[in-house]
Amino acid sequence: MEKYELQKLRDLPIEGVAERLGIRVTRHRCLCPFHDDHHPSMSFSVKKNTFRCFVCGAHGGTIDLAMKCLNKPFLDACRWLDPLLTSPWGGTTHSESLPSGRFGGGRDFDASRYERFFDRPFLSDRARHFLYEERHIDPRVVRWCRLTSWRDRDGVEWLQIPYFDLKGRLVGIQNRNLCYGSGSTPQGSAAPRFRFPAGSRCGIYNLPVLNRLKEGDELWITEGASDCWAMLSSGRKAIAVPSATLLTSDVVEQLSTLNSQLSTEFHMYPDRDEPGERLFLQLREVLPSLEHHQLPQGYKDFGEWWLGVKS
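Computed from a predicted structure; not experimentally measured.

A. The arrangement of the sheet that holds strand β7 (residues 170–177) in detail. Pairing is antiparallel in the open sheet, where four strands are placed in the order β5-β6-β7-β8. The open sheet has two free edges, formed respectively by β5 (148–151) and β8 (194–195), since each of these has just one partner strand. Bridging between β7 and β8 involves two bridges; their strand directions are antiparallel. Considered in β8, the bridge of Arg176 is made with Phe194. Relative to strand β6 (residues 157–164), helix α5 (residues 125–134) is tilted by about 65 degrees, and along the sheet it contacts β5, β6 and β7.

B. Layout of the side chain of Asp227. Structurally, the position occupied by Asp227 is in helix α8 (residues 225–233). Buried charge Asp227 goes without a salt bridge, the closest partner of opposite sign being Arg135 at 5.4 Å. Apart from residues lying up to four places away in sequence, Asp227 is in contact with Thr222, Asp271, Asp301, Phe302 and Gly303.

C. Structural context of the pairing of β6. With eight of eight residues buried, β6 lies mostly within the body of the structure. Along β6, one buried face is formed by Glu157, Leu159, Ile161 and Tyr163 and the opposite face, lined by Trp158, Gln160, Pro162 and Phe164, is buried too. Examined bridge by bridge, β5 and β6 share four bridges and lie antiparallel to one another. Note that in β6 the partner of Ser149 across the bridge is Leu159. Hairpin connection of β5 to β6: five residues between the antiparallel strands, including Gly155 at a positive phi of 85 degrees. Here β6 runs beside β7; their pairing, made up of seven bridges, is antiparallel.

D. Structural detail: the pattern of salt bridges. Going through the model one piece at a time under the given rule, you end up with ten salt bridges. Linking Asp301 and Lys300 is a salt bridge whose minimum nitrogen-to-oxygen distance equals 2.9 Å. What makes Lys300 partly exposed here is its relative accessible area of 48%. A single network of salt bridges, built from pairs that share partners, joins Glu15, Arg126, Arg151 and Glu157.

E. Highlighting empty space enclosed by the protein. Counted by the stated rule, this structure contains one cavity of 30 Å³ or more. Put simply, the largest cavity is a space of about 40 Å³. Along its surface, the largest cavity is lined by Ile221, Thr222, Glu223, Asp227, Met231, Tyr269, Asp271 and Phe302. Take the lining of the largest cavity: its biggest share by element is three residues, from strand β9 (residues 218–223). Class assignment for the residues of the lining of the largest cavity results in four nonpolar, one polar and three charged.

F. View of the pairing of strand β2 (residues 42–45). Every second residue of β2 is oriented toward a common face, the buried set being Met42 and Phe44 and the non-buried set Ser43 and Ser45. Here two bridges tie strand β1 (residues 29–30) to β2, and the two strands are oriented antiparallel to one another. Looking at the pairing, Cys30 lines up with Met42 of β2. As judged from the four bridges shared by β2 and strand β3 (residues 50–53), these two strands associate in the antiparallel manner. From the neighbouring strand, Ser43 faces β3, where its bridge partner is Arg52. Hairpin connection, β2 to β3: the antiparallel pair is bridged by four residues, and Asn49 has positive phi, about 60 degrees.

G. Seen up close, the side chain of Glu157. Relative to the helices and strands, Glu157 resides in strand β6. Classification of Glu157 by relative accessible area gives buried; the value is 8%. At a separation of 3.4 Å, a polar atom in the side chain of Glu157 contacts the side chain of Arg126. In contact with Glu157, other than residues within four places in its own chain, are Ser124, Arg126, Trp150, Arg151, Arg176, Asn177, Leu178 and Cys179.

Definitions and cut-offs
- Residues numbered from 1 in each chain as written.
- Predicted model: local features only at pLDDT ≥ 70, side-chain atom pairs only at ≥ 80, totals over all residues.
- Heavy atoms only, no water.
- Pairing = 2+ DSSP bridges.
- Helix = DSSP H or I, 4+ residues; strand = E, 2+ residues; numbered from the N terminus.
- Contact = heavy atoms within 4.5 Å.
- Axes fitted to C-alpha atoms, helices over the stretch in contact; angles between N-to-C directions.
- Buried < 20%, exposed > 50% of the residue type's maximum accessible area, 1.4 Å probe, protein only.
- Lys, Arg positive; Asp, Glu negative; His and termini not counted.
- Salt bridge = Lys/Arg side-chain N within 4 Å of Asp/Glu carboxyl O.
- 1 Å grid on protein atoms, 1.4 Å probe; cavity = no way out; pocket = protein on both sides within 12 Å on 5 of 7 lines; lining within 4 Å.
- Points joined across faces, edges and corners; volume = space filled by probe spheres on them.
- Nonpolar A, V, L, I, M, F, W, Y, C, P; charged D, E, K, R; others polar.
- Polar contact = N/O pair within 3.5 Å; in protein donor to acceptor, adjacent residues only side chain to side chain.

Written out as structure tokens, the structure reads:
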């Protein structure tokens with residue numbers, strides 16, 4: 001490995017590496033993972049990009065932290081760190097002009113680069129607040145969907161939303177900017193609301209739930225992942241499709257296949273607006289048995305209604 005390549009690994013944000021390793025960092029401190037620690041004794045220096053435990057003496061930089069946490073030799077730790085040089089959302093930004101469910105300029109999605117990010121999902125405080133306090137999502141749903149979070153070099157935090165196929169293979173990632181519109185960081189406001197790795201196929205969300213369908217079960221269709229989390233939290237089995245403006249031929253073909261293969265009833269609460277009703281009509285052309293349910297007055301989508309129920 002060349003010297004300049006090692007320097008890039010050493011320059012990775014130390015707290016970001018720590019969080020990716022499952023270490024919860026609060027105000028530049030954490031419980032030391034290398035001894036039985038009950039009071040945060042490990043400190044991070046953002047300026048020096050180092051860590052130090054003032055009890056057991058563990059210290060070093062990004063490579064040292066990965067070596068100790070993963071119990072790996074130097075080169076293996078470097079290989080683990082290497083994919084982090086290109087952030088998980090290194091592809092294109094969200095755009096309604098994209099012609100299909102594949103994002104990132106037509107390049108193939110390299111799942112092997114990202115699978116490890118979901119082996120040990122970790123949620124930052126901001127991600128926990130968004131999911132549990134702002135959205136009231138059931139923790140079991142968060143675990144089932146394998147949601148995780150990441151902070152980039154500019155301090156922008158992203159919620160990583162993995163898309164899996166029916167066999168549980170990772171086929172795409174949608175990254176949601178948790179700082180978007182919050183004014184918490186200028187970088188967060190400047191960054192796009194959604195980003196996708198190159199080649200991501202973010203069509204139908206939560207396909208693995210179909211493997212848990214039993215005879216007589218209802219399957220609910222929502223618009224977008226966040227409404228799907230709310231529907232799952234309400235105890236229903238659900239999948240999500242893109243909005244009416246992003247409904248692609250690939251998604252329509254998948255739904256048509258599901259309609260012919262599944263002996264289930266399809267249900268939907270369309271958003272209370274013209275695009276939501278348009279999406280319902282488009283879906284009913286593919287799923288003739290799709291049943292329309294009306295949201296209560298005053299709620300624009302199922303996620304908002306779920307918040308009203310839980311408040």
